[in-house]
Number of protein chains: 2
Amino acid sequence: MDRPVPTITTGPLPSSRKVYLAGEVHDIRVPLREITVSGGEAPMTVYDSSGPYTDPGARIDIAEGLADVRGDWLERRGDVAPYEGRSVTSADNGFAEGARLTPAFPRARRPLRAVGGRAITQLAFARAGIVTPEMDFVAIRENEGRKAAAARDGEAFGAEMPDLVTPEFVRDEIAAGRGIIPANVNHRELEPMIIGRNFLVKINANIGNSAVTSSMEEEVEKMVWAIRWGADTVMDLSTGRNIHNIRDWILRNAPVPIGTVPLYQALEKVGGIAEDLTWEVYRDTLIEQAEQGVDYFTIHAGVRLHMIPMTVDRVTGIVSRGGSIMAKWCLHHHRESFLYEHFEEICDICRAYDISFSLGDGLRPGSIADANDAAQFAELETLGELTKIAWGKDCQVMIEGPGHVPMHKIKANMDKQLAHCHEAPFYTLGPLTTDIAPGYDHITSAIGAAMIGWFGTAMLCYVTPKEHLGLPDRDDVKTGVITYKLAAHAADLAKGHPGAQRRDDALSRARFEFRWEDQFNLGLDPDTARAMHDETLPKEAHKVA
Amino acid sequence: MDRPVPTITTGPLPSSRKVYLAGEVHDIRVPLREITVSGGEAPMTVYDSSGPYTDPGARIDIAEGLADVRGDWLERRGDVAPYEGRSVTSADNGFAEGARLTPAFPRARRPLRAVGGRAITQLAFARAGIVTPEMDFVAIRENEGRKAAAARDGEAFGAEMPDLVTPEFVRDEIAAGRGIIPANVNHRELEPMIIGRNFLVKINANIGNSAVTSSMEEEVEKMVWAIRWGADTVMDLSTGRNIHNIRDWILRNAPVPIGTVPLYQALEKVGGIAEDLTWEVYRDTLIEQAEQGVDYFTIHAGVRLHMIPMTVDRVTGIVSRGGSIMAKWCLHHHRESFLYEHFEEICDICRAYDISFSLGDGLRPGSIADANDAAQFAELETLGELTKIAWGKDCQVMIEGPGHVPMHKIKANMDKQLAHCHEAPFYTLGPLTTDIAPGYDHITSAIGAAMIGWFGTAMLCYVTPKEHLGLPDRDDVKTGVITYKLAAHAADLAKGHPGAQRRDDALSRARFEFRWEDQFNLGLDPDTARAMHDETLPKEAHKVA
């Protein structure tokens, strides 16, 4: 390779070190971040989504990929086996060739899948009463190093968070469908995490290649940058050339679950003509991504033919890309979508690799005017029906939600989702609470995200300042992630998540005692806080005064 | 003067022009902003706080000040008269001398005050059934050019916003104490505005001199910049040298109400020693600022001696500057504060000039841990008692609120404020919904601000990204103002304010039809939206596609 040496951001956050806790049930190492605090205070241990990149002891080489954390776990389970996977075709990479072709990830590995139709999903294990290493891992992770209950107060709207999370609690939540651990058996580099309303509120960051210039280093760095600041999962929304190979580079270097919208790649394979999509092309794309290790698929199977006319009088029609592709297909062929008709077969694929469903809201509102309308809620009911089907196949499921919703209509979204989707985790985009602030939609949506997180949404998909305007750059990604981390934390506080207030209190004590360094380091973004402070009070002495 | 030519930001916002509507009752001109929209759509008329600075037809010379809008109104009323005001002392300007002394505003005017103890406040007029030009002005302003009701939907929590605001409705709201028009008779340049929960939610921006370099041009420009982006009132929190003269420059050039915390200047006059404060020094400062035209005073009269021990076990003690000054005074002298003891005399002063009270929350929580505690709510009850006293003197009153409050404790603040303070308008700082994001407190607080605005808070005091860290610069002020404008608008939408959704809908239609220029221009910050869009899609053709 004649490409420049990858420039991946590594190293700990200020005044922080990586600590590893042992499993309770299994032989595992669970990473957390410990922030050193002055003033005679104990260190603050916090959740850490950043993976080995912030561990100075880890050797990072993106051409090697991260260590195979889960290989042992899977081998010991003995219910998956390697097989000769699907061959990569030129179409998989958008027909990129020669110098325009991003090199394949150097280390090939035969894909794993369930043997003999065995149920190998976390849901199947949970139902069988088994605590997997993944469950053990997330249980320890969720406690952030706490060994005892902390003072708590909040209004949880029916969520039931225990004082301390046990592996058995995780198992029970997954068995009930209220929690999911997106963990494809082919994503062996994964540090498992859980999404559910009885756990810490999570956030997702979207990345995607730019049509102009994207190398695999750049794409890996986007992911590393997003998780450094707190993204719990990353969706790769790339389109066009090289997406197969770039996805491989991302997955082999990703300690967080990676989600995709397989429809985007399928559309590329038929030259961008929605009407030309077929179940066969789509199915082939699912297998392709399953073998690579994608952890969750957004699937817009809830867009049904009879719902499409309900969007005609909307101000902003259908704004979901997947939704509008499927609506076009349905109208052209005048039949239900292949996603809906083949949903059970999709479940069978997801079941064989343990890929979680993120049932897409193809009819989500794209404006305040369209919030909570008949089309949106009709689709939500269908997503509830599909949830039951997927659960019947032992598949893990979460449900995607809006979008653009004024504050007084947010709670109804949560209430209906809980009722129609049987408490499967809710995963929302914002929602934006007004349409009049392009350039500030990370903020218009953080308001809605904090509120819906409080009401019970398990994961918040971030919005960057560039939403509606252009492609986010590095600064935008960081701003989006930090904004959503603070919204998720505000939700945890309001829900009365045990232990959430520890960090607020430690930072407030530092603030009251003018321990500036502690105030920076305990915050979500120490670098920005320090830089802002130094602009007007640059003297070192001021910081410890 | 050998200072450089003032550089004040003037000129209209993109695609906008100033329009003036006539009064319904009086001979007045009420400014609004009309945004031209393409695509065959009618222009969008919106509230305009920016004053003559955005009117290309207005001649701006800060050494002249703005036109005397209210002089005629006051003269016709015939119940105020000019008198020989207090002489400016060296102490008023923090003992600045020679080259360090900011020049006095060139045009001196004798101050006005009520003659013969007449009641000249907007509250007194409202109670007498009189519709003043100020009431007429705000009624027209609030309708934003609408002549008919618009579709509305929302949850108003007891607020009762009419389809169209009439001058009589304004009068009735003021008479009931639910609305205030801060309008000192000596602020004759003012374009009146109203604060109350049955009106559009307003925002305040704080400015203040920097200890290092502040000229009068810079201070005037800070105010002009803040109102350009939507600040409805501006608080001048300057300290130290030259504050008397700089305040004069600001007031003579301010079309929005100016608020202050007179205690800050009084403290300067006694060399910064809280214990040395006296009623006489404080009273003299009130008169000084009253004669200059300050429209509302933050007065921390609710901090009572017995409440101070309630703060001992707090994580962040007393964080309000005014609160901690008064607590120190009370403890030292072991008696109730002179603000509390002389409250009726303070009312007499405010009454003579029609200065509105902003009853300060000196014991507001400075952290999530301290939210909604006994000290905070004890003070709130006292503020309710003081409200009744002020109303008894015909004075207009609003109540300041927190601060730092997690989401689940926000509504209790509004409910208690309504109950204890008899529906006097609530004016809150944020509240911040978590303490862990220094550098992003405009966002942690926008979440709380939008929610409490929805619940009924009438005015939101902005927070900038530099909160807790340093002095906001020009970019921070703009970010803070836009963030709070969008929060206030989200609140208006959720309350079901008639007409609020017009702008969201117009922008969403533009978005759906790819009318990029309209999307920028209808937003709160066209410049930033356009710049972000042009970063990735710089071609002119893309913008009208």
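Residues numbered from 1 in each chain as written. Chains lettered and ligands numbered in written order. Predicted model: local features only at pLDDT ≥ 70, side-chain atom pairs only at ≥ 80, totals over all residues. Heavy atoms only, no water.

## Some words on the packing of helix α12 (residues 374-392) of chain A against helix α13 (residues 410-420) of chain A
Residues and elements named next belong to chain A.
Here comes step 1: Axis separation between α12 and α13 bottoms out at 8 Å; the angle between their running directions is 30°. Here α12 lies roughly parallel to α13, going by the angle between them. Judged by the sense of rotation from one axis to the other, the crossing of α12 with α13 is right-handed. For the pair α12 and α13, the contacting residues are Gln 376, Phe 377, Leu 380, Glu 381 and Gly 384 in the first and Asn 413, Lys 416, Gln 417 and His 420 in the second.
Here comes step 2: For the contact of α12 with α13, the per-class residue count stands at two nonpolar, five polar and two charged. (Axes fitted to C-alpha atoms, helices over the stretch in contact; angles between N-to-C directions. Helix = DSSP H or I, 4+ residues; strand = E, 2+ residues; numbered from the N terminus. Parallel < 35°, antiparallel > 145°, perpendicular 65-115°, else oblique. Left-handed = near helix turned anticlockwise from the far one by under 90°. Contact = heavy atoms within 4.5 Å. Nonpolar A, V, L, I, M, F, W, Y, C, P; charged D, E, K, R; others polar.)

## Digging into the packing of aromatic side chains
The description of an aromatic ring pair uses the distance of the two centres, along with the angle that the planes make with each other.
All names here are of chain A.
Here comes step 1: Evaluation of the coordinates by the stated rule reveals 26 aromatic pairs over all chains.
Here comes step 2: Between the aromatic rings of Trp 73 and Phe 137, the centroid separation amounts to 6.3 Å while the plane-to-plane angle is 50°, which identifies the pairing as tilted. You can see Trp 73 sitting in helix α1 (residues 71-77) and its partner Phe 137 sitting in helix α3 (residues 133-142), a full 64 residues away along the chain. In this pair, the class of Trp 73 matches that of Phe 137, namely buried.
Here comes step 3: Where Tyr 282 meets Phe 338, the ring centres are 5.5 Å apart and the plane angle is 55°; that geometry is what we call tilted. Of this pair, Tyr 282 sits in helix α8 (residues 279-292) while Phe 338 sits in helix α10 (residues 338-341), placing them 56 residues apart in sequence.
Here comes step 4: The class for Tyr 282 is buried, based on a relative accessible area of 0%.
Here comes step 5: Three or more aromatic residues link up through ring pairs in this structure, and these residues are Trp 279, Tyr 282, Trp 329 and Phe 338.
Here comes step 6: The cationic tip of Arg 321 hangs over the ring face of Tyr 264; the distance from NZ or CZ to the ring centre is 4.5 Å.
Here comes step 7: One residue, Lys 411, lies across the ring of Phe 455, its end atom 5.9 Å from the ring centre. (Phe/Tyr/Trp six-rings, centres within 6.5 Å; stacked < 30°, edge-to-face > 60°. Buried < 20%, exposed > 50% of the residue type's maximum accessible area, 1.4 Å probe, protein only. Lys NZ or Arg CZ within 6 Å of the ring centre and 35° of its normal.)

## Remarks on the environment of B:Cys461
Residues and elements named next belong to chain B.
Here comes step 1: Relative to the helices and strands, Cys 461 is located in strand β15 (residues 459-461).
Here comes step 2: Between the C-alpha atom of Cys 461 and that of Trp 225, which follows or precedes it by 236 residues, the distance is 16 Å.
Here comes step 3: Sequence-distant contacts of Cys 461, defined by excluding residues within four places in its chain, comprise Asn 204, Asn 206, Tyr 427, Thr 428, Leu 429, Gly 430 and Tyr 484.

## Focus: the pattern of salt bridges
Here comes step 1: Following the criterion strictly, the structure yields 96 salt bridges over all chains and no others.
Here comes step 2: For A:Arg351, the salt bridge goes to A:Asp394, with nearest N and O atoms at 3.2 Å. Taken together, the positions of A:Arg351 in helix α11 (residues 343-353) and A:Asp394 in the loop between α12 and β13 (397-401) put the pair 43 residues apart, joining distant regions of the chain.
Here comes step 3: Measuring nitrogen to oxygen at the nearest pair gives 2.9 Å for the salt bridge that ties B:Glu535 to A:Lys466. One end of the pair, B:Glu535, is in helix α18 (residues 526-536); the other, A:Lys466, is in the loop between β15 (459-461) and α15 (474-495), on a second chain.
Here comes step 4: We classify A:Lys466 as buried; its relative accessible area is 2%.
Here comes step 5: It is possible to trace a salt-bridge network through shared partners that takes in A:Asp68, A:Arg109, A:Arg188, A:Glu189, A:Asp248 and A:Arg252. (Salt bridge = Lys/Arg side-chain N within 4 Å of Asp/Glu carboxyl O.)

## Comments concerning the side chain of A:His489
Here comes step 1: The topology assignment puts A:His489 in helix α15.
Here comes step 2: When neighbours within four sequence positions are excluded, A:His489 is seen to be in contact with A:Ala500, A:Asp504, B:Thr434 and B:Ile436.

## Digging into the sheet that holds strand β3 (residues 44-46) of chain B
The strands that make up a sheet pair up through hydrogen bonds in the backbone, lying either parallel or antiparallel.
All names here are of chain B.
Here comes step 1: Sheet architecture is open: three strands sit in the order β1-β2-β3, paired in antiparallel fashion. A strand with exactly one partner marks an edge of an open sheet, and here the two such strands are β1 (16-22) and β3. Between one strand and the next, the sheet's axes are offset by a mean angle of 40°, whatever the strand orientation.
Here comes step 2: Note that strand β2 (residues 29-35) and β3 share three bridges and pair antiparallel. Looking at β3, one finds that Ile 35 is bridged to Met 44. (Pairing = 2+ DSSP bridges.)

## Observations regarding the relation of the copies chain B and chain A
The operation linking the two copies of the chain is a rotation about an axis combined with a translation along the axis.
Here comes step 1: For these two chains of identical sequence, chain B goes onto chain A by a turn of 180° and a shift of 0.0 Å along the axis, with RMSD 0.0 Å. Each copy turns onto its partner about a two-fold axis. In terms of C-alpha distance to the rotation axis, chain B has B:Ile447 as its closest residue, with the C-alpha 2.3 Å off the axis.
Here comes step 2: Comparing contact sets, 100% of the residues at the interface of chain B also lie at the interface in chain A, consistent with an isologous, same-surface contact. (Least-squares fit on C-alpha atoms with pLDDT ≥ 70 in both.)

## Focus: the nonpolar core
Here comes step 1: In terms of nonpolar packing, the biggest core is built from 288 residues, with A:Phe357 and B:Phe357 touching the most fellow members.
Here comes step 2: Among residues more than four places away in sequence, those in contact with B:Phe357 are B:Phe297, B:Ile299, B:Phe343, B:Ile346, B:Cys347, B:Cys350, B:Ala390, B:Cys395, B:Gln396, B:Val397 and B:Met398. (Core = buried A, V, L, I, M, F, W, Y, C linked by side-chain atoms within 4.5 Å.)

## Brief notes about the interface of chain B and chain A
Here comes step 1: The partner chain A presents 70 residues to the 70 residues of chain B that form the contact.
Here comes step 2: Roughly 5,700 Å² of surface becomes buried between chain B and chain A when both sides are summed, with 71% attributable to carbon and sulfur atoms.
Here comes step 3: When the buried surface of chain B facing chain A is broken down by residue, B:Ile436, B:Tyr440 and B:Leu469 rank first, second and third, together holding 13% of it.
Here comes step 4: Remark: the boundary between chain B and chain A carries five salt bridges. (Buried area = accessible area lost by both parts, 1.4 Å probe.)

## Some details on the packing of helix α14 (residues 441-455) of chain A against α15(A)
All names here are of chain A.
Here comes step 1: Put simply, α14 and α15 touch, their axes get as near as 8 Å, and they point 30° apart. In this view, α14 runs roughly parallel relative to α15, as classed from their interaxial angle. When you trace α14 past α15, the crossing you get is right-handed. Counted together, His 442, Ser 445, Ala 446, Ala 449, Ala 450, Gly 453 and Trp 454 of α14 and Thr 479, Thr 483, Tyr 484, Ala 487, Ala 490, Ala 491, Ala 494 and Lys 495 of α15 form the full contact between these two elements.
Here comes step 2: Class assignment for the residues of the contact of α14 with α15 results in nine nonpolar, five polar and one charged.

## Thoughts on the environment of B:Asn184
Residue and element names in this part refer to chain B.
Here comes step 1: Among the secondary structure elements, Asn 184 is positioned in the loop between β6 (179-180) and β7 (195-196).
Here comes step 2: Judged by its relative accessible area of 0%, Asn 184 is buried.
Here comes step 3: For the pair Asn 184 and Glu 173, spaced eleven residues apart in sequence, the C-alpha separation works out to 19 Å.
Here comes step 4: Setting aside residues up to four positions removed in sequence, Asn 184 forms contacts with Arg 70, Gln 289, Ala 290, Gly 293, Val 294, Asp 295, Tyr 353, Asp 354 and Ile 355.

## Things to note about unusual backbone geometry
Here comes step 1: For the peptide bond that leads from A:Pro402 to A:Gly403, omega is 5°, which places it in the cis range.
Here comes step 2: As for its placement among the helices and strands, A:Gly403 is situated in the loop between β13 and α13.
Here comes step 3: Even without being a glycine, B:Asp354 presents a positive backbone phi close to 55°.
Here comes step 4: Tracing the chain through its elements places B:Asp354 in the loop between α11 (343-353) and β12 (356-359).

## A few points about helix α5 (residues 216-228) of chain B
All names here are of chain B.
Here comes step 1: Counted at 1.5 Å a residue, the expected span for α5 with its 13 residues is 18 Å, and the 18 Å between its end C-alpha atoms agrees.
Here comes step 2: The element α5 is extensively covered by neighbouring structure, given that eleven of its 13 residues are classed as buried.
Here comes step 3: Turning to α5, the residues buried within the fold contact β8 (202-207), β9 (233-236), α6 (243-252) and α15 (474-495).
Here comes step 4: The positive-phi residue at the C-terminal boundary of α5 is Gly 230, with phi of around 130°. (Expected span 1.5 Å × (residues − 1).)

## A look at the confidence of the model for chain A
All names here are of chain A.
Here comes step 1: Residues of chain A with pLDDT of at least 70 account for 96%, and the chain-wide mean is 95.
Here comes step 2: Below pLDDT 50 for its whole length, residues 1-6 participates in ten contacts with residues either more than four positions away or in separate chains.
Here comes step 3: Prediction confidence for the complex, expressed as pTM and ipTM, is 0.97 and 0.97 respectively. (pLDDT = per-residue confidence, 0-100.)

## Comments concerning the sheet that holds strand β2 (residues 29-35) of chain A
Residue and element names in this part refer to chain A.
Here comes step 1: Taken in spatial order, the three strands of this open sheet run β1-β2-β3, and their pairing is antiparallel. The sheet is open, and its two edges are formed by β1 (16-22) and β3 (44-46), each paired on a single side. Adjacent strand axes in the sheet meet at a mean angle of 40°, parallel and antiparallel pairs treated alike.
Here comes step 2: Examined bridge by bridge, β1 and β2 share seven bridges and lie antiparallel to one another. In the sheet register, Tyr 20 faces β2, and the bridge partner there is Pro 31.
Here comes step 3: Packed on one face of the sheet, α3 meets β1 and β2 and runs near 15° to β2.
Here comes step 4: Set on the sheet, helix α16 (residues 500-512) makes contact with β2 and β3; between it and β3 the angle comes to about 140°.

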